[in-house]
Amino acid sequence: MNPGSAPLARARVLFTRYEPVIYFVFAGVCTLLVACRFYSSLRLQTLYALLWARPDRFDALVHRATPGLWSAPLDDVFIHFDFARQAARGHPFEWSEGTGYSSGGTSLLYPLVLAIGYLCGFHELALMIWAAWVACLSVFTLLLAAQRLCGGLPRWTVYLLPPGLLCVGALDWSLWSGMEVALFLALWGVAFVVWDDLHAAASSGKPLLTLAACLGLCGAAVVATRPEGVAAVFVLVASLLWTARGREPKARLLLAALSSAPALLVLVAQATANRLLTGESSAAGALVKLEMHHPFMTRAEVWDAWLFHLKYQVLRVTQYHFSDVPAFGWLVWLLATVPLFDKATRRYALVLWASAASWVMVVALNGQVRWQNERYTMPAVAWLLLDATLGLGALLSLATRARDRRAALAGPLAGIAMATLFLIHQAPRFRDQVWFFGRASRNILDQHLTAGEAIRSKAALRSNRVLVGDAGAIPYASDTPALDIIGLGGFRGLPFARATRINVAAAIELIERIPPSERPDLMALYPSWWGDFPSWFGDRIAEFPVRGNVICGGASKVLYRPRWESLDHSGVPSSLEPDEQLVDGVDMADLVSEGQHHYRVSVGNLGRVAMKLLPNPNKPSEDLWDAARIVSPGVSELFDLDRLTPGRPLWLVVRSAPTVTTDFDLYLDGERPVHVTLPARDGWSEVRVPLPASNTRRLTVRLGPSNVERALYQVWAVQRL
């Protein structure tokens, strides 16, 4: 034996013995290096923000190398922080103090993980430090779990996984953003390891029930972190059942139940809680974002939107996030197909492909998939990159695995060439994402967090409840009870999520339902988002601009003192006589009132909503506000009226403000139609329609088609005392 080979042999033995520890360290170092790159950009940019706000402190901040404040690149991160703080204070699943249960969080589990940090002392912006550690630990966990992918390849190929996963800046942006993406992928990684153990047990005929139960619990955690993850869980369960197809039907049924039932139970439990506590089975985020819940889109339009978003995700990720030259972005897809042709990697590749494809198809339902740096698509990107890295490992390892010398040479050369081209053209995108991460975090600090801190610290801006148009950083920084008019925060079961998607006027109808003493006494809004709402209901008192905006929804967040007086008498007719009694009434565009009175239209979706602010007929010096349903000519409206006193004369009082004369017929069950004319008027009009005395306590009223577009604000049933 060559004497020089002995040290080499001993080194090889030591490396083999300690190799798992070496990978452990390597994966941890890669994780921390990339995390530090992004968080350094954040701290540097927020330091610039401090210098801009306090130039007098330049020497103190720069010469002492003072780091910047912590922030986050998305306002949505602070929605999780809001839920986490409330959970730490003993109110889980509540977004803001006094709002009650909310379905507006995108994750059930992640805020509870953040709440642990809050209880450990990570308060205010320090909670982002805890979120950063959670993200680092989660990415590290995923990298440890991903070793299983290379089980059929030489061991050295696992070292491709950390750089392969973390080389794309857009994915890293989402992983370190403070959102739940990293935790979701970590839990999926744990489920993947259990699934792999199940596959080995099923192939060898070993018992599966204990491992199947473990997979079920992991799947439940995945779905509790992101409900869309049910598709990825289904991929694992389906492939497991295929592996176990040779077992008895009862055994396969039990295996399917144990591995999938917990995840389905999480979905059912969440939908049930949503239904009982908010009146909607769907979560508020789904109502706000999914096109299938759009109030005015047809099925064909929803289908077209789904196809558009599906195509958008693929092309945007490939031709923009993967490369500065669109053509080279397709190299990732090419590498990801390689494992499908290698027996040693095919099983894992099929799971990764199916997980990515199912995720993209589910996310395509989201009408906001194009915003926020395509963060909704990033789990699929992670699976695709893992698959591409597996493909690269398969090509490089052909040098030792292939029997054909040409394949042993061509495979590694092709892999090196594709990886090199990809990395060269990804590098500019990676640098852009690092800068974008810091600048977006600075934007959130400049605008949202600064506004929230001002509300908390300045007496002139303090509030008992602040109305916001994007739940997140302002309520968190101000630590003030809030109402989110978009509906993601939720407020005591009122359907703001569904209402605002129709029109802001429908949301104002819900504010009318809130007792005056509990209505917001401060509004923090982007004026350009809400039409006439800020000018009709608010007095501008402060403004918080953003410099170099890349993420905020507007150039300035404006604070208003609201004026709700025009709502106070909107719910009663101004023409009510002293000897008359208001028995019942349906308030059009008020979703609660419409639901209570079974309001519906004869064809199509419910009509559009509009609002008017006009002089109060009883007090012309004051304004009266109301919102209307607008239906097209040829469409009938139907609703029920209740609590009538049988035998007494009955009038319907119809509030409108028609710009042209509107004619239609009114129908009651078993009665001849009554013709109604609403004359054109420059102001509120209340037309009284006499009806035959009712013999029942309940009536179904049908307003027949009109000659022109019809806008009705309220219809009341009035009887003599």
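In the block above lies the structure referred to throughout.
Asker: Explain the overall build of the protein chain to me, and be specific about the residues and the numbers.
Answerer: For the protein chain, the count of helices and strands is 23 helices and 16 strands. Along the longest, intermediate and shortest principal axes, the C-alpha atoms of the protein chain span 115 × 75 × 45 Å. When the 721 residues of the protein chain are sorted by exposure, 55% land in the buried category. Long-range contacts, defined as pairs at least 24 residues apart, comprise 74% of the intrachain contacts of the protein chain with a sequence gap of at least 6. Between the averaged position of the 66 positive side-chain charges in the protein chain and that of its 59 negative side-chain charges there is a distance of 11 Å.

Asker: Lay out the sheet that holds strand β4 (residues 538–545) with the relevant residues and their values.
Answerer: Spatially, 5 strands are ordered β2-β1-β3-β5-β4 in an open sheet, and the strand pairing comes out mixed. Each edge of the open sheet is held by one strand with a lone partner, namely β2 (482–484) and β4. Each neighbouring strand pair of the sheet contributes to a mean axis angle of 25 degrees, computed without reference to strand direction. The pairing of strand β1 (residues 466–468) with strand β3 (residues 522–525) spans 3 bridges and is classified as parallel. Bridge pairing links valine 468 to alanine 524 in β3. Contacting β1, β3, β4 and β5 (556–562), helix α18 (residues 405–457) runs over the sheet at an angle of about 125 degrees to β4.

Asker: Describe the packing of helix α9 (residues 209–225) against helix α11 (residues 249–278), and please don't skip the residues or the numbers.
Answerer: With their axes 7 Å apart at the nearest point, α9 and α11 run at an angle of 20 degrees to one another. As far as their axial angle goes, α11 and α9 are roughly parallel. The hand of the α9/α11 crossing is right-handed. On the side of α9, the interface is formed by Leu209, Ala212, Ala213, Leu215, Gly216, Leu217, Gly219, Ala220, Val223 and Ala224, while α11 contributes Leu254, Leu255, Leu258, Ser259, Pro262, Ala263, Val266 and Leu267. Split by residue class, the contact of α9 with α11 holds 15 nonpolar, 3 polar and no charged.

Asker: Requested: an account of α9, with residues and values cited.
Answerer: Helix length check: α9, at 17 residues, gives a terminal C-alpha distance of 24 Å against a target of 24 Å (1.5 Å per residue), a fit within 8%. Taken residue by residue, α9 has Ala212, Leu215, Gly216, Cys218, Gly219, Ala220, Ala221, Val222, Val223, Ala224 and Thr225 as its buried positions. Next to the buried residues of α9 lie α8 (181–204), α10 (230–243) and α11.

Asker: Which residues make up the pattern of salt bridges, and what values go with them?
Answerer: For the structure shown, the criterion picks out 38 salt bridges. A salt bridge links glutamate 291 to arginine 501, with the shortest nitrogen-to-oxygen separation between them at 3.0 Å. Residue glutamate 291 is found in the loop between α12 (284–289) and α13 (299–321), and its partner arginine 501 is found in helix α20 (residues 496–502); the two are separated by 210 residues along the sequence. Both residues of the pair, glutamate 291 and arginine 501, count as buried. In this structure, arginine 600 engages aspartate 640 in a salt bridge whose closest nitrogen and oxygen atoms are separated by 3.8 Å. Of this pair, arginine 600 sits in strand β7 (residues 600–601) while aspartate 640 sits in strand β10 (residues 637–641), placing them 40 residues apart in sequence.

Asker: If you had to explain the packing of aromatic side chains to someone new, which residues and values would you point to?
Answerer: On inspection of all chains with the given rule, the structure shows 34 aromatic pairs. Here a set of aromatic residues connected by ring pairs shows up, and it is made of Phe38, Tyr39, Trp70, Trp173, Trp176, Phe430, Phe436 and Phe437. In this arrangement the basic side chain of arginine 316 is found over the ring face of tyrosine 320, its NZ or CZ atom lying 4.1 Å from the centre. Sitting over the face of the ring of phenylalanine 664, arginine 710 holds its NZ or CZ atom 4.6 Å from the ring centroid.

Procedures and definitions
- Residues numbered from 1 in each chain as written.
- Predicted model: local features only at pLDDT ≥ 70, side-chain atom pairs only at ≥ 80, totals over all residues.
- Heavy atoms only, no water.
- Helix = DSSP H or I, 4+ residues; strand = E, 2+ residues; numbered from the N terminus.
- Buried < 20%, exposed > 50% of the residue type's maximum accessible area, 1.4 Å probe, protein only.
- Contact = heavy atoms within 4.5 Å.
- Lys, Arg positive; Asp, Glu negative; His and termini not counted.
- Charge placed at Lys NZ, Arg CZ, Asp CG, Glu CD.
- Pairing = 2+ DSSP bridges.
- Axes fitted to C-alpha atoms, helices over the stretch in contact; angles between N-to-C directions.
- Parallel < 35°, antiparallel > 145°, perpendicular 65-115°, else oblique.
- Left-handed = near helix turned anticlockwise from the far one by under 90°.
- Nonpolar A, V, L, I, M, F, W, Y, C, P; charged D, E, K, R; others polar.
- Expected span 1.5 Å × (residues − 1).
- Salt bridge = Lys/Arg side-chain N within 4 Å of Asp/Glu carboxyl O.
- Phe/Tyr/Trp six-rings, centres within 6.5 Å; stacked < 30°, edge-to-face > 60°.
- Lys NZ or Arg CZ within 6 Å of the ring centre and 35° of its normal.

Without other data, these values stay purely geometric and don't point to any function.
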